[in-house]
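# Descriptive analysis of the structure
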Amino acid sequence: MSAIPFGETRTYGELAQQLGVPAQAIGQACGGNPIPILIPCHRVLGANGLGGYSGDGGVETKVWLLRHERAAGLLI
């Protein structure tokens, strides 16, 4: 997650394929992220939607962060 550049996103599936693990493992890593603002799990999206967000404010915060990074084109 830390390697995803500011303003870009990846899907759980893309990261899973890249790392050779199930997409569920990526979701679990994002969900267990203790410092989501520093380890940017908001940049990881589902194939057909936003996915979740473990930080304060939940998905609403994820949307705000993506818009802040101008990575929210798919949301508009």
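Refer to the structure above for everything that follows.
Here goes a summary of the coordinates provided. All figures in this text were calculated on a predicted structure; none of them were measured in a lab.

Together, Ile-35, Ile-37 and Leu-38 give the surface a local cluster of nonpolar side chains, amounting to about 310 Å² of exposed area. Along the chain, Ile-35 falls in the loop between helix H2 (23–31) and strand S2 (44–45). Ile-35 sits in the partly exposed class, given a relative accessible area of 39%.

Quick look at unusual backbone geometry now. A positive phi angle is found at Arg-70, which is not glycine, with a value near 60°. As for its position among the elements, Arg-70 is in the segment after helix H3 (58–68).

Next up on the list: the environment of Ala-23. Along the chain, Ala-23 falls in helix H2. Through-space distance from the C-alpha of Ala-23 to that of Glu-69 is 24 Å; in sequence the pair is 46 residues apart. Here Ala-23 is in contact with Tyr-12, Gly-13 and Ala-16, once residues within four sequence places are set aside.

It is worth spelling out the pattern of salt bridges at this point. As a working rule, side chains carrying opposite charge can pair if their charged atoms are close by. Applying the stated criterion across every chain yields a total of two salt bridges. Here Glu-8 and Arg-10 are joined by a salt bridge, their closest N and O atoms 3.1 Å apart. With relative accessibility at 35%, the residue Glu-8 sits in the partly exposed group. A relative accessible area of 27% means that Arg-10 is categorised as partly exposed. Between Glu-69 and Arg-43 there is a salt bridge, with its nearest N and O atoms 2.9 Å apart. With Glu-69 in the segment after H3 and Arg-43 in the loop between H2 and S2, the pair connects residues that are 26 residues apart, well separated along the chain. Comparing Glu-69 with Arg-43, the two get one shared label, buried.

To continue, consider the packing of helix H1 (residues 12–19) against H2. When two helices pack together, their arrangement is captured by the angle between the axes and the distance separating the axes. Running from N to C, H1 and H2 cross one another at 110°; their axes reach a closest spacing of 8 Å. In terms of axis orientation, H1 runs roughly perpendicular to H2. Seen along the crossing, H1 lies across H2 with a hand that is right-handed. Facing H1, whose interface residues are Tyr-12, Gly-13, Leu-15, Ala-16 and Leu-19, H2 presents Ala-23, Ile-26, Gly-27 and Cys-30. Taken together, the residues of the contact of H1 with H2 break down into seven nonpolar, two polar and no charged.

What counts and what doesn't
Residues numbered from 1 in each chain as written. Predicted model: local features only at pLDDT ≥ 70, side-chain atom pairs only at ≥ 80, totals over all residues. Heavy atoms only, no water. Patch = residues over 30% accessible without salt bridge, like charges linked within 9 Å, V, L, I, M, F, W, Y side chains within 5 Å. Areas by Shrake-Rupley, 256 points an atom, 1.4 Å probe, with all protein chains shown as cover. Salt bridge = Lys/Arg side-chain N within 4 Å of Asp/Glu carboxyl O. Helix = DSSP H or I, 4+ residues; strand = E, 2+ residues; numbered from the N terminus. Buried < 20%, exposed > 50% of the residue type's maximum accessible area, 1.4 Å probe, protein only. Contact = heavy atoms within 4.5 Å. Axes fitted to C-alpha atoms, helices over the stretch in contact; angles between N-to-C directions. Parallel < 35°, antiparallel > 145°, perpendicular 65-115°, else oblique. Left-handed = near helix turned anticlockwise from the far one by under 90°. Nonpolar A, V, L, I, M, F, W, Y, C, P; charged D, E, K, R; others polar.

Interpretation note: all reported values are geometric properties and have no functional meaning in isolation.
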